[in-house]
Amino acid sequence: MSNMPKKEILEHVYGESEKSGERFAHLSECFAKHFGDAEVEFFTSPGRTEMIGNHTDHNGGKIVAASISLDTIGAAAPNGTGTIRILSEGYDMIEVEIAVASAVEKKSGTKALVAGMVEALEKFGYKVEGFDAYMTTEVIAAAGVSSSASFEMLFCAIVNSMFNDNKMPLGDCAKVGQYAENNFWMKSSGLMDQMACAAGGAILLDFADDIKCEKIDASFDQLGYDMVIVNTGKGHGDLSDEYSAVPTEMYQAAAAMDAKRLCERSVDEFIKELPRIEQALKNDRAIMRALHFYEENRRVEEAAEALAKNDGKTVLRLLTESGNSSWKWLQNCMSKSNEKDQKVALTLALTEIYIEKIKDGCCRVHGGGFAGVILAVIPKTKTADYVEYIAALVGEENVYPMQIRQTGAVSLGN
């Protein structure tokens, strides 16, 4: 029989213990039903919000990101075999035999992701043994709040606690998830999603030299605002080519300056060499995206400073500027493959009208873009009103008021 997470632990993570307690009781029952009676350990891994620093990580840029109050939770127990069995609520059971994980077919959904993480763990010198896990999630799938990274960091939390004496650093956990996505999903993801899910709270990330992660004592709650994630109704699961073109074009811009990544050159050098770069690339969009990278890095540094000082006015201004740059320079608010489907741009437009009316708040595209979600930062006194307003377009089930969550991907004790 499982030992439920203690009330004080739930209150620390969730700010309450009743609703969260019911979720873990449900988890415990489902684990017993599908895997039998075992001494399970409980885990949680949040989704993430990228507040500022849109599409900069792959080129050695900077990002302010944060864990959010939507999470993936799991009950797990070692099974004494060489097989990992995971049942996510609403999906089929997946089984990965550790010894032959590398042979699992690439691009085959969650099974490929697990196989990739097993291969990465072994390459990085960590132990991984068989276990059973039942999982359920509140993190919106294929919509820019990192459901895959939340799952990956939950997986790493399980392996870290059960087989590695909690000795795996956050950076390695993030790299395990990235390795699986790069090599088994063939998706050119950076490390930002995984780091933000793993770390908890708000963080300033710098990808120029490995991964530097610095905690920021920040909370929109203290500033008097709610973050509202709005799912515009279409995931970005089928937009991998457009998504991958962003880092690819930035790499091409860097190569035109004889560099691997844009972080190796300054914006002044870039502008000075622009005639040569333009001649080499013959791609104005790549140049625009490179300029977005440089300006976004500057904004990130200013936003981190403003958040640490609780300077809400500056934070809102910088988030607005960042969102405008993503829309106009980076160009990831609509898909070229279906130009008539502009749900992200339309939801942003309506939100801008609302913000102008109340003269407070901000909004921006969230995550990878092209489809998926937007982030609105709304004064607490207006949150319910905004939810009702935007729900008329997207449906109330697609509007998620939330806060920054201070706890990352962790075991909740056994």
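Residues numbered from 1 in each chain as written. Predicted model: local features only at pLDDT ≥ 70, side-chain atom pairs only at ≥ 80, totals over all residues. Heavy atoms only, no water.

Caption draft 1: How the structure looks around the packing of helix 11 (residues 284-308) against helix 12 (residues 312-330). Where helix 11 meets helix 12, the closest approach of the two axes is 10 Å, and the angle between their N-to-C directions is 170°. Taken together, the axes of helix 11 and helix 12 are roughly antiparallel relative to one another. In this structure, helix 11 meets helix 12 at a crossing whose hand is left-handed. Contacts between helix 11 and helix 12 involve Met-288, Arg-289, Leu-291, His-292, Glu-295, Glu-296, Arg-299, Glu-302, Ala-303, Ala-306 and Leu-307 on the former and, on the latter, Thr-314, Val-315, Arg-317, Leu-318, Glu-321, Ser-322, Ser-325, Ser-326, Lys-328, Trp-329 and Leu-330. Of the residues that constitute the contact of helix 11 with helix 12, the class distribution is 9 nonpolar, 5 polar and 8 charged. (Axes fitted to C-alpha atoms, helices over the stretch in contact; angles between N-to-C directions. Helix = DSSP H or I, 4+ residues; strand = E, 2+ residues; numbered from the N terminus. Parallel < 35°, antiparallel > 145°, perpendicular 65-115°, else oblique. Left-handed = near helix turned anticlockwise from the far one by under 90°. Contact = heavy atoms within 4.5 Å. Nonpolar A, V, L, I, M, F, W, Y, C, P; charged D, E, K, R; others polar.)

Caption draft 2: How the structure looks around the packing of helix 3 (residues 109-123) against helix 4 (residues 147-163). Contact geometry of helix 3 with helix 4 gives a least axis separation of 11 Å together with a crossing angle of 45°. Classed by the angle they form, the pair helix 3 and helix 4 counts as oblique. For the element pair helix 3 and helix 4, the recorded crossing hand is right-handed. Two secondary-structure elements touch here, helix 3 through Thr-110, Leu-113, Val-114, Met-117, Val-118 and Leu-121 and helix 4 through Ser-148, Phe-151, Glu-152, Phe-155 and Val-159. A breakdown of the residues in the contact of helix 3 with helix 4 according to their chemical character gives 8 nonpolar, 2 polar and 1 charged.

Caption draft 3: Region of the structure containing helix 8 (residues 240-255). With 16 residues, helix 8 should cover 22 Å at 1.5 Å per step; its first-to-last C-alpha distance of 23 Å lies within 8% of that length. Its axis deflected by about 25° at Val-246, helix 8 carries its strongest bend there, up to four residues before the proline Pro-247. Residues Glu-242, Tyr-243, Ser-244, Ala-245, Val-246, Pro-247, Glu-249, Met-250, Ala-253 and Ala-254 constitute the buried set of helix 8. Next to the buried residues of helix 8 lie helix 9 (267-272), helix 10 (274-281), helix 11 and helix 12. (Expected span 1.5 Å × (residues − 1). Bend = angle between axes of the 7 residues up to and from the residue. Buried < 20%, exposed > 50% of the residue type's maximum accessible area, 1.4 Å probe, protein only.)

Caption draft 4: Structural context of the packing of aromatic side chains. Taken as a whole, this structure holds 10 aromatic pairs when the rule is applied. A centroid spacing of 5.7 Å and a plane angle of 55° characterise the contact between Phe-131 and Phe-155, whose relative ring orientation is tilted. Taken as a pair, Phe-131 in strand 5 (residues 131-137) and Phe-155 in helix 4 lie far apart in primary sequence, 24 residues in all. Residue Phe-131 shares its accessibility class with Phe-155, and that shared class is buried. Every member of this aromatic cluster is reached through a ring pair, and the members are Tyr-14, Phe-24 and Phe-42. (Phe/Tyr/Trp six-rings, centres within 6.5 Å; stacked < 30°, edge-to-face > 60°.)

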